[in-house]
Amino acid sequence: MLIETLSVFPEMFEPVMSASILGRARSRGLFDFKAHDLRDWTHDRHRTVDDEPYGGGAGMLMKVEPIYEAISELKSQSDLCPPRVIFFTPCGAPFTQHVAERLAGCERLLFVCGRYEGMDERAYSLADERLSIGDYVLTGGELAAMVVTDAVVRLIPGALGDSMSSVDESFATGEDGGLLEYEQYTRPSSFNGMDVPPILLSGDHAKVDAWRRRNAIERTCRWRPDLIESAGLTEQERAFALDLIARMHPHEEME
Ligand code: SAH
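Residues numbered from 1 in each chain as written. Predicted model: local features only at pLDDT ≥ 70, side-chain atom pairs only at ≥ 80, totals over all residues. Heavy atoms only, no water.

1. Let's talk about a nonpolar patch on the surface
Stage number 1. Side chains of Tyr-136, Leu-138 and Leu-143 sit close together on the surface and give an oily, nonpolar patch of about 270 Å² of accessible area.
Stage number 2. As for its position among the elements, Leu-138 is in the loop between β7 (129-132) and α5 (142-153). (Patch = residues over 30% accessible without salt bridge, like charges linked within 9 Å, V, L, I, M, F, W, Y side chains within 5 Å. Areas by Shrake-Rupley, 256 points an atom, 1.4 Å probe, with all protein chains shown as cover. Salt bridge = Lys/Arg side-chain N within 4 Å of Asp/Glu carboxyl O. Helix = DSSP H or I, 4+ residues; strand = E, 2+ residues; numbered from the N terminus.)

2. Side note on the side chain of Thr-89
Stage number 1. Relative to the assigned elements, Thr-89 resides in strand β5 (residues 84-94).
Stage number 2. A distance of 2.9 Å separates the side chain of Thr-89 from the backbone nitrogen of Cys-91, its partner in a polar contact.
Stage number 3. In this structure, Thr-89 is in contact with Tyr-124, Arg-130, Leu-131 and Ser-132, ignoring residues within four places of it in sequence. (Polar contact = N/O pair within 3.5 Å; in protein donor to acceptor, adjacent residues only side chain to side chain. Contact = heavy atoms within 4.5 Å.)

3. Section: the pattern of salt bridges
Stage number 1. As enumerated under the stated definition, the model contains 14 salt bridges in all.
Stage number 2. Put simply, Arg-213 and Glu-237 hold a salt bridge, and the shortest N to O gap is 2.8 Å. Of the two residues, Arg-213 is situated in helix α6 (residues 205-223) and Glu-237 in helix α7 (residues 235-248); the sequence distance between them amounts to 24 residues.

4. Some thoughts on the site of the ligand
Stage number 1. Within the structure, the ligand sits among 20 residues, and Phe-88, Gly-114, Glu-117, Tyr-136 and Leu-138 are positioned closest to it.
Stage number 2. A distance of 3.5 Å separates an oxygen atom of the ligand from a polar atom in the backbone of Gly-140.
Stage number 3. For the ligand, an oxygen atom lies 3.5 Å from a polar atom in the backbone of Gly-141.
Stage number 4. Burial of the ligand by the surrounding chains reaches 86%, relative to a free accessible area of 560 Å².
Stage number 5. Listed by contribution, the elements that provide at least two residues to the shell around the ligand are β5 and β7.
Stage number 6. With 4 residues, β5 is the largest single contributor of residues to the shell around the ligand.
Stage number 7. Here the residues of the shell around the ligand are counted per class, giving 10 nonpolar, 8 polar and 2 charged. (Near = heavy atom within 4 Å. Nonpolar A, V, L, I, M, F, W, Y, C, P; charged D, E, K, R; others polar.)

5. Some details on the sheet that holds strand β1 (residues 2-7)
Hydrogen bonds along the backbone pair up the strands of a sheet, which may run parallel or antiparallel.
Stage number 1. An order of β2-β1-β6-β5-β7 is seen for the 5 strands of this open sheet, with the pairing classed as parallel. Because the sheet does not close on itself, it has two edges, and the strands there are β2 (32-37) and β7. Along the sheet, successive strands turn relative to each other by an average axial angle of 30°, direction set aside.
Stage number 2. Bridging between β1 and β2 involves 6 bridges; their strand directions are parallel. From the neighbouring strand, Ser-7 faces β2, where its bridge partner is Asp-37. (Pairing = 2+ DSSP bridges. Axes fitted to C-alpha atoms, helices over the stretch in contact; angles between N-to-C directions.)

6. A few points about the state of the cysteines
Stage number 1. Enumeration over the complete set of coordinates arrives at 0 disulfides.
Stage number 2. Of all cysteine sulfurs in the structure, the one in Cys-106 sits closest to Cys-81, which takes part in no disulfide; the separation is 9.0 Å.
Stage number 3. With no disulfide partner, Cys-91 has as its closest neighbouring cysteine sulfur the one in Cys-113, 16 Å distant. (Disulfide = S-S within 2.5 Å.)

7. What to know about the domain arrangement of the protein
Stage number 1. Under the domain assignment used here, the protein contains domain 1 (2-153) and domain 2 (167-255).
Stage number 2. Its C-alpha centre places domain 1 at a distance of 36 Å from the equivalent point of domain 2. (Domains from an automatic or database assignment.)

8. As for the UniProt feature "binding site: S-adenosyl-L-methionine" (unreviewed entry) in the protein
Stage number 1. If you check UniProt for "binding site: S-adenosyl-L-methionine" (unreviewed entry), the listed places come out as Gly-114, Ile-133, Gly-134, Asp-135, Tyr-136, Val-137 and Leu-138 in our numbering.
Stage number 2. Within the element layout of this structure, Gly-134 appears in the loop between β7 and α5.
Stage number 3. Its place among the elements puts Asp-135 in the loop between β7 and α5. (UniProt positions renumbered as here; feature names shortened; annotations may be inferred.)

9. With respect to the packing of α6 against α7
The description of two helices packed together rests on the angle between their axes and the distance between the axes.
Stage number 1. Two elements in contact, α6 and α7, have axes separated by 9 Å at closest approach and are oriented at 40°. In terms of orientation, α6 lies oblique with respect to α7. Both α6 and α7 take part in a crossing whose hand is right-handed. In this structure, α6 uses Arg-213, Arg-214, Ile-217, Glu-218, Cys-221 and Arg-222 to contact α7, whose residues at the interface are Glu-237, Phe-240, Ala-241, Leu-244, Ile-245 and Met-248. (Parallel < 35°, antiparallel > 145°, perpendicular 65-115°, else oblique. Left-handed = near helix turned anticlockwise from the far one by under 90°.)

Below, the structure is given as structure tokens:
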């Protein structure tokens, strides 16, 4: 997989892309990363990428021409397949684990990062999709691109190594997925009067699995009841969850 970014701060990416799991996945060739400088597609002496908005208002907007030129060039490289072009904007579709799983299947991704007050709307005509990483406003799309890269790369087979798994984590979308992850504990078994649930020390794998499943449902009901509706639950689990939610959140209506 090749992941590329187009932004005015290409230097922001390298520390994140070369550390820890991303760095290892990259050096093992599981993905390649390239940060492009949008200013390389400007033609004036000041390498201008922004301008004032028509209609007035505060702040500057990113100009359409450099973005258009850059993406057109990156799309038409004959030695590479054309990238899936993703623009980051708070007005985009919410980025979720489901989207991460879909993007992990792409051969080439190009993340386009805004700055200032955002972009001339015409730039989006080159977007395959627009994504938001949450309902808040960042100063630029670079952090969003790093968040999405991190979530996508760890799904590439082999990226996490043998000792970690992305299969039954929070939000994983398998048949019985869509829940928050169950509680986990490591040594010591007792700390400051807080004990590890005894079943986890029992060595009985079936019981441990049942406990974890129930715990994941309980946690999801407490912290993210909105996920229960689309989670992969049996009839019995669903009834249990809805009853729990009614008791935990007595004043909130479930859709
Ligand atoms: N004026 C815009 C915000 C611009 S923020 C608005 O109100 O919608 C500048 C840039 O930061 C955006 O172009 C986008 O690339 C990035 N950005 C900000 N918040 C983001 C978010 N929640 N998700 C993804 N990208 C975001």
